[in-house]
Amino acid sequence: MERNEAHILELLTAVKDPEIPVLNVVDMGVIRKVDLNDDHIVVTITPTYSGCPAMDVISMNVKATLKRAFGEDAEVVSQLSPAWTTDWITDEAREKLREYGIAPPEGKSHDKSQLFAEPKVIACPKCGSENTTLVSEFGSTSCKAHYKCSDCLEPFDYFKCI
Amino acid sequence: MEAKLEYTLRIADNALILGQRLGEWCGHGPALEEDIALTNISLDLIGQARSLLTYAGELEGNGRDEDKMAFFRDAHDFRNVLLVEQKNGHFGDTIARQFLFDHFSWLFYDALLKSNDDTLRAIAEKSIKEVTYHRRHSSEWIIRLGDGTEESHSKIQESINELWAFTGEMYTPDKLDQQALADGYGVDLVQLSEYWKQNVAGVLRQATLNVPEDGWMQKGGKKGIHSEHLGYMLAEMQHIPRTYPDAQW
């Protein structure tokens, strides 16, 4: 099997976010860099949130995937800067999120200086209605807020824009 | 203790201790959404503490990792401000503590973005995004409770009044803060304190609450002299890793 960056990235699309299994780590922008050294591969990842418990599993699965493909122990290093932003999530991945029932991040990452931002209009991923309300900015995982749709009455997750 | 190590521990321990305190709300929140919000914030803070304690361990150079730093230091080794170790009290007390700290933390990380230390700067860049959410959450609650019913108004005013004496320690620079600023990796607390007072007063006014007058300010945490609450909290937090030091998941 060819040991080059493009091929490694393709292999890594098999590594899913354990909490949002429709997304892979490449689409999410969690994989920042792949370095090919003579003796081993170094994959640089960045956490979505400081306390994201999925990072350990992601790191383990990256190593396991590369071990299976090349029979070698890859190194996974974590890098905080530049800080992960939802802007890095690909359009394709946003569509996958919506189909899965999670409203994708709306717009570009917001201005950090705002204290009380205008609430964004988030369309319901089930029926498409924009008649929705924010229930809580903290949802089932660090990266999600909790909304409900006032038309189809479904509660849903919104992937926060950061 | 080397200055940069101690400075890093101050930031790390603020995050760790407040994160642990908020974790005590798990399963006890006044509503499911708030239970989840408080523990989400706790998770962010513990995540920040992990990065900071890992860095503190590297600066110390004795091979201690984040877990060793969190679980095998005693109360007098902790450098968090007294505010964050205060007990949860009722929901309003927790929100008041969070509000006073979030406004400090946001300004602190914002200023730390200009630090000449690459690791501290990277941690600040990551953390400020999270604290932006925390600060909005606690500020909205201050307004909701302050401008709410007669009872919620008087209770949250009382919480703010009670905790006010712990705010000065956050923004009053001591020798170490001055050295960190002079060496280029630290934050200008004098400038920060002006913004903090302005921002906090702005939200309190919007919440129809009074801004307490500055009186005697409690201090000591930044030097390792803590209130009686920290020891009890550490006993609970540390007892498993200390009882079974080599335990693995």
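This text gives an overview of the structure that appears in the document. Worth saying up front: this structure is predicted, and the values here are computed from it rather than measured.

Reading the values: rules and limits
- Residues numbered from 1 in each chain as written.
- Chains lettered and ligands numbered in written order.
- Predicted model: local features only at pLDDT ≥ 70, side-chain atom pairs only at ≥ 80, totals over all residues.
- Heavy atoms only, no water.
- Buried < 20%, exposed > 50% of the residue type's maximum accessible area, 1.4 Å probe, protein only.
- Helix = DSSP H or I, 4+ residues; strand = E, 2+ residues; numbered from the N terminus.
- Pairing = 2+ DSSP bridges.
- Core = buried A, V, L, I, M, F, W, Y, C linked by side-chain atoms within 4.5 Å.
- Domains from an automatic or database assignment.
- Contact = heavy atoms within 4.5 Å.

A few words now on the pairing of strand β9 (residues 155–159) of chain A. Residue and element names in this part refer to chain A. The buried fraction of β9 is high, at four of five residues. Looking at chain direction, strand β6 (residues 102–103) and β9 are connected through two bridges and run parallel. In the sheet register, isoleucine 102 faces β9, and the bridge partner there is aspartate 157. By the bridge criterion, five bridges tie strand β8 (residues 144–149) to β9 in an arrangement that is antiparallel. Opposite tyrosine 147, over in β9, you have phenylalanine 156 as the bridge partner. Remark: five residues form the turn of the hairpin made by β8 and β9, two consecutive strands paired antiparallel; leucine 153 in that turn has positive phi of roughly 65 degrees.

Direction of pairing for strand β7 (residues 132–136) of chain A relative to β8(A): antiparallel, over a ladder of four bridges. Bridge assignment links Ser136(A) to a residue of β8(A), and that residue is His146(A).

Bringing the nonpolar core into the picture now. Ranked by size, the top nonpolar core spans 110 residues in total, and within it Val62(A), Leu66(A), Phe159(A), Phe108(B), Ile142(B), Leu192(B) and Trp196(B) carry the most contacts. Inspection of this core shows a minimum of three residues originating in each of domain 1 (5–78) and domain 2 (89–159) of chain A. If we skip the residues at most four places from it in the chain, Trp196(B) touches Leu100(B), His103(B), Phe104(B), Leu107(B), Trp164(B), Thr167(B), Met170(B) and Tyr171(B). Counting nine residues, the second largest nonpolar core, distinct from the first, contains Ile122(A), Cys124(A), Ala145(A) and Phe156(A).

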